[in-house]
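An overview of the molecular structure
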Amino acid sequence: TWNMAGKWSDDHRAFLEHEECDVWLLTQVPLEAEISGMTPSRTVQTMQPHKSWAAVFSRVPPTNGNDPHRASASALVGEVRFVSSILPWRSCGASWPGATLAEKQVLTLAELEPLINQATVWGGDWNQALEGRDNVGTGAGRAAITELLDARHLSVPTRSLGSATPGHRSIDHIAVPMAWDVL
């Protein structure tokens, strides 16, 4: 998973292609982003005129894809559902339902919940640290995400990662089936 922050260049393409991943979960994806040999499933709504909210790029063309939420892309690749999401953040504004950030987080997760299960890989810019001091999200958002992950038997190998800001935890995550070994 990678938050592209709306940037795209030959170096971005070269990096993504060099890694030889079968699936990429990308957020803030420039519309011109293409990865050789991969099929994109992008959000229908755009975050800004030049970038998608999220996209799933896969080597095997997905059998179906839909947007479970305007800021999430979904694609079924074989037996696994891949979901790439941006979750609400403090300054996301009134375009997200809910009066408070906590309400926005809970309402967004309710829209995603039907697609999240024990055969899902879900990642992206969750705008929420999952442990340690939270400098970005809310306690209610953390609890709602954790409850959904626990109920769907998903683990988050990125839970303890730091961020580019010293002393902060990552807000970009990936969740995988609990039975999987992650290296």
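Quick summary incoming for the structure in this document. (Residues numbered from 1 in each chain as written. Predicted model: local features only at pLDDT ≥ 70, side-chain atom pairs only at ≥ 80, totals over all residues. Heavy atoms only, no water.)

Concerning the side chain of K104
Spelled out, the test is: Secondary structure follows DSSP: runs of H or I at least 4 residues long count as helices, runs of E at least 2 residues long count as strands, and numbering of each begins at the N terminus. Categorising residues by exposure relies on relative accessible area from a 1.4 Å probe, with only protein chains included: less than 20% of the type maximum marks a residue as buried, more than 50% marks it as exposed, and the intermediate range marks it as partly exposed. A residue counts as positive if it is Lys or Arg and as negative if it is Asp or Glu; His and the chain ends are not included. The salt bridge definition used is simple: a Lys or Arg side-chain nitrogen within 4 Å of an Asp or Glu carboxyl oxygen. Residue contacts are counted whenever heavy atoms from the two residues lie within 4.5 Å of one another.
Looking at the element boundaries, K104 is found in helix α2 (residues 101-112). Buried and unpaired, K104 has no salt bridge, with E103 as the nearest side chain of opposite charge at 7.6 Å. When sequence neighbours within four positions are dropped, the list of residues in contact with K104 reads P88, C92, G93, A94, W96, P97 and G98.

What about the nonpolar core?
How we decide: Among buried residues, those of type Ala, Val, Leu, Ile, Met, Phe, Trp, Tyr and Cys that are joined through side-chain atoms within 4.5 Å constitute a nonpolar core.
Among the nonpolar cores identified, the biggest contains 15 residues, and L87, L109, I116, W122, W126, I145 and L149 are the most heavily contacted of them. Secondary structure elements with two or more residues in this core: α2 and α3 (139-151). Among the elements that take part in this core, α3 stands out by supplying four residues, more than any other. Ignoring any residue separated from it by four or fewer positions in sequence, one finds I145 in contact with L87, L109, W126, Q128 and L130.

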